[in-house]
Amino acid sequence: MGFARTCSVTLVGVEGVVVEVQADLEPGVAAFTLVGLPDKSLTESRDRVRAAVVNSGAEWPQKKLTVGLSPASVPKSGSGFDLAVACSVLGAAERIDPRVLADLVMIGELGLDGRVRPVRGILPAVLAAADAGYEQVVVPECAAAEASLVPGVSVLGIRSLRQLIAVLTDEPVPEEPAEDPERPDPSLAGLRVPGTGAATGIHGIGAAQHDRGHDLADVVGQLSARTAVEVAAAGAHHLFLEGPPGAGKTMLAERLPSVLPALDRQASLEVTAVHSVAGLLPPGKPLIDTAPYCAPHHSATMQALVGGGPGTARPGAVSLSHQGVLFLDETPEFSSKALDALRQPLEAGHVIIARSAGVVRFPARFLMVLAANPCPCGRFSRTDDHCECPPAAVRRYQARLSGPLLDRVDLRVEVDRVTRGELTASGARGESTVTVADRVRAARERAAARLGGTPWRTNSEVPGRELRSRWQAAPGAMDDAERSLERGVLSARGLDRVLRVAWTVADLSGRDRPGATDVALALQLRTGVPRGVPMAIGAVGAAV
């Protein structure tokens, strides 16, 4: 009897579970049995592994073969177990020393010719292996850069099974032809999840891609909206832009990611792990260090937004925009069921998807930007009468956004129609993205210094009870907001959100705590009711 074992990793959402792959050879009729709750793609590995072993020059054992995946109670899915199954079989057949395999973690799919192909989720798989105490992992060569992001783990990147056999047996390593760098890598062809391509908007776009030709200075007028974008970026506050078509709502949302600061190491690993599971890592860029941007079409389903789908649950738009921006253009055209599903991740910072096979948790701490027309025709305004929609149609259209969802939005700004004079003026343009981004970064640093030693990093995350007791506003600054609460203009949650926005305005203006002017601006940004304060952040600082 021959026995060998090695390890691989199965993914549950974006979290990995280390699985021990055991192979046992016994005398008897040649057969191959795979046990341990494998799915269809994993069951088919029996044929892939046999062909890969034979085509790599090794002999397939003609005995009764049993391969077990432990723990047997955890469902296993995907083709990333191929490499571990092949090596455990060769170890049981004594082609490889079983002692060499025991402390290795192997992740990779095998082609019939023995080539090692990459799989989705390399980064979270290696993170799980490191957390379990393993120090050596074997991955496909093209995924070695992604696996090397995990500190304290030795990564071996290989191109084929025959190369791995040679390394593990101290034999000369055969040369494998490299792919033409000018041609698409065929091994990456199957990584992208169908329905998450660039044409759908369900994908992450780094802020650096928006720097080219996307500058805030291109936005004509819209002082209130530009201020709201700056405040949203500085404090990670959700934003609602309402205005007629062509006023610049989409332009503002597209420029928001480039205003956000670069991701720190922990946030970069979280974002990269989600995009790795979804198969959306940019080619040649194993680590995403800029804020992602996700803009799904209004026909997107609830599963496309929050995650799920048939079989293994996949991350949705809220997770692909983790630590970045989720832009919902034409928000009233989304289904009410899909929009209301956003309420839980907006509060919790993660989404939990329950299926019969288990529960999956995806991170989902994003900055949400909603954009909507004021009515179905888009011409409704308080200042003119160009709208031809009946009053009942306007009410129905605006009622598609539920009150509980809008109550979670900190900033609500009406984007006015651009005038001819503003569009044709030859004077100085508004502030550039670089200028605003520097101010946002300074405000984030000021908030991070104040929140040091706490689990919160931005003003939008701080609970209201902490703001009222630990970090209080200036005496009398909240009087106007509290009167709005008594009149029913604000809810209790709305009052807390006004205080959070006021702290962000104070951080942008360089003050130690918010005063009455900061709270007035926060109230104006939330309710849309003028409070007699200037909308420019610099002007607010001068007015105090």
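One numbering rule holds for all chains: residues counted from 1, following each sequence as written. Residues qualify for local features only when their pLDDT is at least 70, as the model is predicted, and side-chain atom pairs are given and counted only at 80 or more; totals for whole chains, interfaces and linings, by contrast, use all residues. To obtain the side-chain values, all non-hydrogen atoms of the structure were used and water was disregarded.

1. Regarding the side chain of Thr 331
Here Thr 331 is to be found in the loop between strand S12 (325-328) and helix H14 (336-340). Aside from chain neighbours lying at most four places away, what touches Thr 331 is Leu 339, Leu 370, Ala 371 and Leu 401. Strands here are runs of E lasting at least two residues and helices are runs of H or I lasting at least four, both read from the DSSP assignment and numbered beginning at the N terminus. By definition, residues are in contact when any of their heavy atoms lie within 4.5 Å.

2. Observations regarding the side chain of Thr 454
Here Thr 454 lies in the loop between helix H19 (433-450) and helix H20 (464-469). Every residue in contact with Thr 454, bar those within four places of it in the chain, is listed here: Arg 470 and Trp 471.

3. Details of the nonpolar core
By nonpolar core is meant a set of buried Ala, Val, Leu, Ile, Met, Phe, Trp, Tyr and Cys residues that side-chain atoms within 4.5 Å join together. Here the term buried applies to any residue with accessible area under 20% of the maximum for its type, exposed to any over 50%, and partly exposed to those in between, with areas from a 1.4 Å probe on protein chains only. Ranked by size, the top nonpolar core spans 56 residues in total, and within it Val 231, Leu 239, Leu 241, Val 369, Val 519 and Leu 525 carry the most contacts. The residues touching Val 519, leaving out its near neighbours within four places in the chain, are Ala 477, Met 478, Ala 481, Val 498 and Ala 502.

4. Things to note about the pattern of salt bridges
Salt bridges are defined as contacts in which a side-chain nitrogen from Lys or Arg sits within 4 Å of a carboxyl oxygen from Asp or Glu. Counted under the stated rule, the structure contains 27 salt bridges. Here Arg 159 makes a salt bridge to Glu 141, at a shortest N to O gap of 2.5 Å. Here Arg 159, found in the loop between strand S9 (154-158) and helix H7 (161-168), pairs with Glu 141, found in the loop between strand S8 (136-140) and helix H6 (144-147); they are 18 residues apart in sequence, far enough to count as distant. Arg 159 gets classed as partly exposed once you look at its relative accessible area, which sits at 27%. A salt bridge links Glu 347 to Arg 493, with the shortest nitrogen-to-oxygen separation between them at 3.6 Å. Of this pair, Glu 347 sits in helix H15 (residues 343-348) while Arg 493 sits in helix H22 (residues 492-509), and the two are 146 residues apart along the sequence. For Glu 347, a relative accessible area of 40% corresponds to the partly exposed category. Here the residues in one salt-bridge network are Glu 347, Asp 407, Arg 408, Asp 410, Arg 493, Arg 497 and Arg 526, joined through shared partners.

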